[in-house]
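# A closer look at the structure
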Amino acid sequence: MFKKIAVFGTGSMGSGIIQTAATNGLQVVAIDNERSSVDRGKKIIEKSLARFEKKGRLKESANEIIGRIEFATDPERASDADFVFEAIFEDIKIKAELYKKINAIVPETVPFASNTSSLSMTALAKASGRSSNFVGMHFFNPVPMMKLVEIIPALQTASKTVEAAKSMAEIMGKTAVVCKDTPGFIVNRILVPYMLEAARVYDAEIASPEQIDTAMKLGAGVPMGPLELMDFTGVDIAYFVGNILYDETKDKKFLPPNVMQKMVQAGWLGRKTGKGFYDYSKKD
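An account of the accompanying structure is given in this report.

Conventions adopted
Residues numbered from 1 in each chain as written. Predicted model: local features only at pLDDT ≥ 70, side-chain atom pairs only at ≥ 80, totals over all residues. Heavy atoms only, no water. Salt bridge = Lys/Arg side-chain N within 4 Å of Asp/Glu carboxyl O. Helix = DSSP H or I, 4+ residues; strand = E, 2+ residues; numbered from the N terminus. Buried < 20%, exposed > 50% of the residue type's maximum accessible area, 1.4 Å probe, protein only. Phe/Tyr/Trp six-rings, centres within 6.5 Å; stacked < 30°, edge-to-face > 60°. Lys NZ or Arg CZ within 6 Å of the ring centre and 35° of its normal. Expected span 1.5 Å × (residues − 1). Arc of directions from axis to C-beta. Pairing = 2+ DSSP bridges. Axes fitted to C-alpha atoms, helices over the stretch in contact; angles between N-to-C directions. 1 Å grid on protein atoms, 1.4 Å probe; cavity = no way out; pocket = protein on both sides within 12 Å on 5 of 7 lines; lining within 4 Å. Points joined across faces, edges and corners; volume = space filled by probe spheres on them. Nonpolar A, V, L, I, M, F, W, Y, C, P; charged D, E, K, R; others polar.

### So, the pattern of salt bridges
Per the stated rule, a full pass over the model turns up 11 salt bridges. The residue Asp 80 makes a salt bridge to Lys 4 at a minimum N-O spacing of 2.8 Å. With Asp 80 in the loop between strand 3 (69-72) and strand 4 (83-86) and Lys 4 in strand 1 (residues 4-8), this residue pair connects regions lying 76 residues apart in the sequence. Note on Lys 4: relative accessible area 16%, which makes it buried. Note that Arg 200 is salt-bridged to Glu 197, the shortest N-O span being 3.0 Å. Of the two residues, Arg 200 and Glu 197 are both situated in helix 7 (residues 187-203); the distance of three residues between them amounts to about one turn of the helix. Overlapping salt bridges bring together Glu 86, Glu 90 and Lys 95 as one network.

This is the structure we're talking about:
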């Protein structure tokens with residue numbers, strides 16, 4: 001059904017979507033506004049594919065998969081795509097500016113999916129200029145390994161667009177769940193308060209990060225503790241998503257504790273900066 005997709009955004013989520021699509025046989029044009037961002041995304045994908053290849057988890061060579069990806073800074077390269085993904089920063093104004101550019105290039109009939117983790121899909125659909133062909137497809141990090149994708153129709157989304165999103169999820173080897181356009185969707189509505197409460201326990205000096213994570217891994221059977229998880233996905237991501245959900249719901253369970261604000265201000269964002277709840281600077 002789909003042969004070529006365009007992915008706008010080559011950060012950790014965009015790169016994961018790009019890699020997963022190409023691994024499953026799709027032609028992909030990966031687009032970002034800076035060459036440095038595109039090059040960084042390419043390196044992320046090459047490194048990830050090399051690990052998969054070393055472990056014997058690819059059906060073809062990493063080079064063959066990379067060969068299906070075009071890395072570009074020119075949005076015009078998306079003109080012949082038959083499905084579009086947006087995976088950029090969680091700011092509706094920034095997204096709306098990108099959507100205007102895309103609408104001038106990609107036909108209105110082409111399905112358009114946003115990977116937003118927290119913003120209102122209905123508001124984004126209105127900003128998209130193609131409301132009936134707009135849908136949320138929220139992947140999870142790391143995309144090549146995580147099996148789930150949440151499909152979130154906006155109020156305006158046509159049923160055929162939801163079916164197109166389901167088909168795309170299947171092509172990419174994911175299990176899809178469909179949910180209403182509600183703050184946090186399913187996973188973040190449950191997961192974000194859990195992570196923030198762990199940060200509150202740490203902020204109150206009840207226990208160390210190691211003790212908190214060990215308690216949850218051994219006591220609740222989770223594979224990764226909540227503070228480890230925030231370091232992995234980005235302390236800044238949890239902080240910003242928590243604030244967005246709090247702004248939308250005014251429910252204090254979504255309000256990040258002060259320690260997270262300080263960590264973001266200090267640049268202690270987790271693994272990607274070498275320090276978060278844990279110090280990674282001295283680890284291999």
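Next comes the rest of the description.
### Digging into the packing of aromatic side chains
A complete count under the given rule lists 10 aromatic pairs for this structure. Relative to Phe 139, the ring of Phe 85 has its centre 5.8 Å away and its plane inclined at 65 degrees; by these criteria the two rings are edge-to-face. Here Phe 85 is found in strand 4, whereas its partner Phe 139 is found in strand 6 (residues 134-139), with 54 residues between them in sequence. Assigned by exposure class, Phe 85 and Phe 139 land together as buried. Ring centres of Phe 112 and Phe 134 lie 5.4 Å apart, and the angle between their planes is 55 degrees; on these two criteria the pair is classed as tilted. Of this pair, Phe 112 sits in strand 5 (residues 112-114) while Phe 134 sits in strand 6, and the two are 22 residues apart along the sequence. In this structure Phe 112 comes out as buried when scored by relative accessible area, which is 1%. One aromatic cluster in this structure is built from Phe 2, Phe 83, Phe 85 and Phe 139. The residue whose ring lies beneath Lys 250 is Tyr 246, and the NZ or CZ to ring-centre distance is 5.6 Å. Taking the ring centre of Trp 268 as reference, the NZ or CZ of Lys 275 above it sits at 4.4 Å.

### Brief notes about helix 2 (residues 35-54)
In this model helix 2 runs 28 Å from its N-terminal to its C-terminal C-alpha over 20 residues, within 8% of the 28 Å that 1.5 Å per residue would give. Residues of helix 2 that are buried include every one of Ser 37, Val 38, Gly 41, Ile 45, Ser 48, Leu 49 and Phe 52, and no others. Along the long axis of helix 2, the arc covered by the buried residues comes to 100 degrees, so they all point the same way. Of the exposed residues in helix 2, the ones pointing more than 90 degrees away from its buried face are Lys 43, Lys 47 and Lys 54.

### Section: the sheet that holds strand 7 (residues 148-153)
If you walk across this open sheet you meet the eight strands as 3-2-1-4-5-6-7-8, and the pairing is mixed. Strand pairing shows two members of the sheet lacking a second neighbour, strand 3 and strand 8 (175-178), which therefore form its edges. If you compare each strand with its neighbour and ignore which way they point, the axes differ by 25 degrees on average. As defined by bridge partners, strand 6 adjoins strand 7 across five bridges and the pair is classed as antiparallel.

### Some details on the layout of surface pockets
By volume, the second largest pocket amounts to about 390 Å³. Taken together, 16 residues make up the lining of the second largest pocket; nearest its centre are Thr 23, Asn 24, Arg 57, Leu 58 and Pro 144. Taken together, the elements giving at least two residues each to the lining of the second largest pocket come down to helix 1 (12-23) and helix 2. Per-element accounting of the lining of the second largest pocket gives the leading share, three residues, to helix 1. Here the lining of the second largest pocket is composed, by residue class, of six nonpolar, five polar and five charged.

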